[in-house]
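# Coordinate inspection notes
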Amino acid sequence: MDFLCSTSLSLSHDQFTKYMKNSNLFLLVTAAAAALASCNNHASYTIDGTVADSTLNGNLIYLTDMASGDVLDSAVITDNKFHFTGKADTAFIAALQARPYRMNLIVENGNISVELGETDKLSGTPLNDEMSVFMSAIDSLNNLFIAKQQEIVAKGLSDEEAAAEWNKLQGGLMDEANKVLSKYFDRNNNNAVGAWILANWGLEPEKLDSVINLSGDVLKANPLVKEMMKQLEMLKKTAVGQMFTDFTVEQPDGTKVSLSDYVGKGRYVLVDFWASWCGPCRREIPNIKELYDKYHDKGLDVLGVAVLDKPEDTQKAIEEMQVVWPQIINAQHIPTDLYGIQGIPHIILFAPDGTIAARDLREEAMKEKVTEVMTAKK
């Protein structure tokens, strides 16, 4: 069908008269014409949806491209319904959002039907039907996880016993989750559903690289996957043992500051990529301060790099939390892109020569690693 959609049928009058005498060819041309007509019928998409909450009537619902983050279209919710139409040259992953509701779907040519509510529903095209089946499997797993959590709470265990049960539960459910993800990815490893699964799987870089390499060309060309491949390259360049990648940021006062102003100067440097609005980032500050107070005089420096944040908000947070180590402010996406950072806080320990000693350090693991290298330094 795809071949027919892209094939041009052009015959002279004499050729047409001659070929029509051949009944088999007549059937072929007739079938081709029907196929082309079918292609034209599905040269665009429609998204017809309903919203359970009538208080959203009159509000806008947005269609957003997940790869670029761009809002592609908006529609007014009327009588609990909304409608989008457009054309998708290739299927892509999008999100529908009308707070508090949000749903992911595959935008592909055809008639797509969605229901937003306590239980979302998605159907109408092949990829969305598959997406719906996959999401149902994930929802079932989440429900099982919640039920098991409640069972642990109901037992009235001690903190130590509850922690052991919790760790056991997490391990078992992670195994089950990987089985579900693997199953649905294997049957969608060359389409947009597979791209969505891959983007949410959380595979280690080495495993992710292997999975992408074994996937089809359509999946590799998906914008989300292309961005993941780009991040993989950055992770390889900034892996443990690699020399630091420098960057320069203009500060609010107009001066320019580089990572190389601090790293590679003969001392260990703990670099905290953070933002003022990030709760986990703020909770990590006391742990970093503990290490700074303990080891700064023994050869450890600390550097904060504020990303994805407004400079004035960063400055306010620095004052509120009484952060005393130097900061590179207003770095935005520059370091996160260079280091393949997907979430913050992201803390990297650089060795005295500028190589990366450890990355993605948090809490006790960070304290243990810093203590290890500072003790060995003696």
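All of these numbers come straight from a predicted model, not from anything done at the bench.

About the criteria used
Residue indices begin from 1 for each chain and proceed along its sequence in written order. The predicted nature of this model means local features are confined to residues of pLDDT at least 70 and side-chain atom pairs, given and counted, to a pLDDT of 80 or more, with totals for whole chains, interfaces and linings taken over all residues. With hydrogens and water stripped out, all remaining heavy atoms of the structure feed into the side-chain values. In this description a helix means any DSSP run of H or I spanning at least four residues, a strand means any run of E spanning at least two, and both kinds are numbered starting from the N terminus. Three exposure classes are used, based on accessible area relative to the maximum for each residue type with a 1.4 Å probe and protein chains only: buried under 20%, partly exposed in between, and exposed over 50%. By definition, residues are in contact when any of their heavy atoms lie within 4.5 Å. By this definition, two strands are paired if DSSP reports at least two bridges between them. Only C-alpha atoms enter the line fits that serve as axes; for helices the fit covers just the stretch in contact. Angles between N-to-C directions range over 0 to 180 degrees. Oblique is the label for any angle not under 35 degrees, not over 145, and not in the 65 to 115 range, which are roughly parallel, roughly antiparallel and roughly perpendicular in turn. Each residue is assigned to one class: nonpolar for Ala, Val, Leu, Ile, Met, Phe, Trp, Tyr, Cys and Pro, charged for Asp, Glu, Lys and Arg, and polar for all the others, Gly among them. Any helix carries an expected span of 1.5 Å times its number of residues minus one. Note that patches include only residues with greater than 30% relative accessible area and no salt bridge, and the join distances are 9 Å for like charges and 5 Å for nonpolar side chains (Val, Leu, Ile, Met, Phe, Trp, Tyr). Calculation of accessible area relied on Shrake-Rupley with a 1.4 Å probe; when residues are assessed, cover is drawn exclusively from the protein chains displayed. Should a side-chain nitrogen of Lys or Arg be within 4 Å of a carboxyl oxygen of Asp or Glu, the pair is scored as a salt bridge. Criterion for a disulfide: a pair of cysteine sulfur atoms at a distance within 2.5 Å. Classification of ring pairs rests on two measures: the distance between centres of Phe, Tyr or Trp rings, Trp counted by its six-membered ring, which must be within 6.5 Å, and the angle between planes, read as stacked under 30 degrees, edge-to-face over 60 and tilted in between. Values of pLDDT, which run from 0 to 100, indicate the predictor's confidence residue by residue. Throughout this description, a polar contact denotes any pair of N or O atoms lying within 3.5 Å of each other; where both atoms belong to protein, one of them has to be capable of donating a hydrogen while the other can accept it, and for residues adjacent in sequence the pair is counted only when both atoms sit in side chains.

### Quick notes on the overall build of the protein chain
A tally of helices and strands in the protein chain yields 13 helices and 15 strands. For the protein chain, buried positions account for 40% of its 378 residues. Taking the contacts inside the protein chain whose residues are at least 6 apart along the sequence as the reference set, 61% of them involve residues at least 24 apart.

### A look at the pairing of strand E15 (residues 356–359)
Bridge analysis of strand E14 (residues 346–350) against E15 gives three bridges, and the strand direction is antiparallel. In the strand pairing of E15, Ile348 is matched with Arg359. Turn length for the E14-E15 hairpin, with the two strands adjacent in sequence and antiparallel, is five residues, and the turn residue Gly354 shows positive phi of about 100°.

### Here's the deal with the packing of helix H4 (residues 126–154) against helix H5 (residues 159–186)
Direction vectors running N to C along H4 and H5 enclose 170°, while the axes themselves pass 11 Å from each other. Regarding the angle of H4 to H5, the classification is roughly antiparallel. Mapping the contact onto sequence places Glu130, Val133, Phe134, Ala137, Ile138, Leu141, Leu144, Phe145, Lys148, Gln149 and Ile152 in H4 and Ala162, Glu165, Trp166, Leu169, Leu173, Glu176, Ala177, Val180, Leu181 and Tyr184 in H5. When grouped by side-chain class, the residues that make up the contact of H4 with H5 number 16 nonpolar, one polar and four charged.

### A short note on H5
Counted at 1.5 Å a residue, the expected span for H5 with its 28 residues is 40 Å, and the 40 Å between its end C-alpha atoms agrees. Inspection of H5 places Leu169, Leu173, Ala177, Val180, Leu181, Tyr184 and Phe185 among the buried residues, and these make up the whole buried set.

### Quick notes on a nonpolar patch on the surface
A contiguous nonpolar patch, built from Leu60, Tyr62, Val71 and Val76 and spanning about 330 Å² of accessible area, is present on the exposed surface. Counting residues per element, the ones that place at least two in the nonpolar patch are strand E2 (60–65) and strand E3 (71–76).

### Quick notes on the state of the cysteines
Put plainly, a disulfide is one covalent bond tying together the sulfur atoms of two cysteines. A full pass over the atoms with the stated rule returns one disulfide. Between the sulfur atoms of Cys278 and its disulfide mate Cys281 the distance is 2.4 Å. Its S-S torsion of approximately 80° makes the covalent link between Cys278 and Cys281 right-handed. Grouping residues by exposure puts Cys278 and Cys281 together as buried.

### Observations concerning the sheet that holds strand E11 (residues 268–274)
Pairing is mixed across the open sheet formed by five strands, whose spatial order is E13-E12-E11-E14-E15. With partners counted over all chains shown, the strands left at the sheet margins are strand E13 (327–328) and E15, one partner each. Sheet analysis places E11 next to strand E12 (residues 300–306), joined by seven bridges and oriented parallel. Across the sheet, the residue bridging to Trp274 is Ala306, located in E12. Across the sheet, helix H10 (residues 279–295) touches E11, E12 and E14, and the angle it forms with E11 is around 165°.

### Things to note about the packing of aromatic side chains
Under the defined criterion, the tally for this structure stands at seven aromatic pairs. Ring geometry for Tyr292 and Trp325: centres 5.6 Å apart, planes at 50°, overall tilted. Here Tyr292, found in helix H10, pairs with Trp325, found in the loop between helix H11 (311–320) and E13; they are 33 residues apart in sequence, far enough to count as distant. In this structure Tyr292 comes out as buried when scored by relative accessible area, which is 15%. Judged by relative accessible area, Trp325 falls into the buried class, the value being 3%. Ring centres of Tyr339 and Phe350 lie 6.4 Å apart, and the angle between their planes is 90°; on these two criteria the pair is classed as edge-to-face. Of this pair, Tyr339 sits in the loop between helix H12 (334–338) and E14 while Phe350 is found in strand E14, placing the two residues 11 residues apart along the sequence.

### Describing the confidence of the model for the protein chain
Keep in mind that low pLDDT regions are not for reading the predicted coordinates in detail. Of the residues in the protein chain, 88% reach a pLDDT of 70 or more, and the chain-wide mean stands at 87. Across residues 1–40, where pLDDT falls below 50, the model places 15 contacts with residues more than four positions away in sequence or in other chains.

### Focus on the sheet that holds strand E4 (residues 81–86)
With mixed pairing, the four strands of this open sheet are ordered in space as E4-E1-E7-E8. In this open sheet, the two edge strands, each paired with only one partner strand, are E4 and strand E8 (121–123). Between one strand and the next, the sheet's axes are offset by a mean angle of 10°, whatever the strand orientation. By the bridge criterion, three bridges tie strand E7 (residues 110–116) to E8 in an arrangement that is antiparallel. Of the residues in E8, the one forming a bridge with Val114 is Leu122.

### Some words on the pairing of E7
Direction of pairing for strand E1 (residues 45–51) relative to E7: parallel, over a ladder of seven bridges. Considered in E7, the bridge of Gly49 is made with Val114.

### Here's the deal with the environment of Ser132
Positionally, Ser132 belongs in helix H4. A sequence separation of 11 residues divides Ser132 from Lys121, and the C-alpha atoms of the two residues are 7.1 Å apart. Within the local environment of Ser132, its side chain forms a polar contact with the backbone oxygen of Leu122, the two atoms lying 3.4 Å apart.

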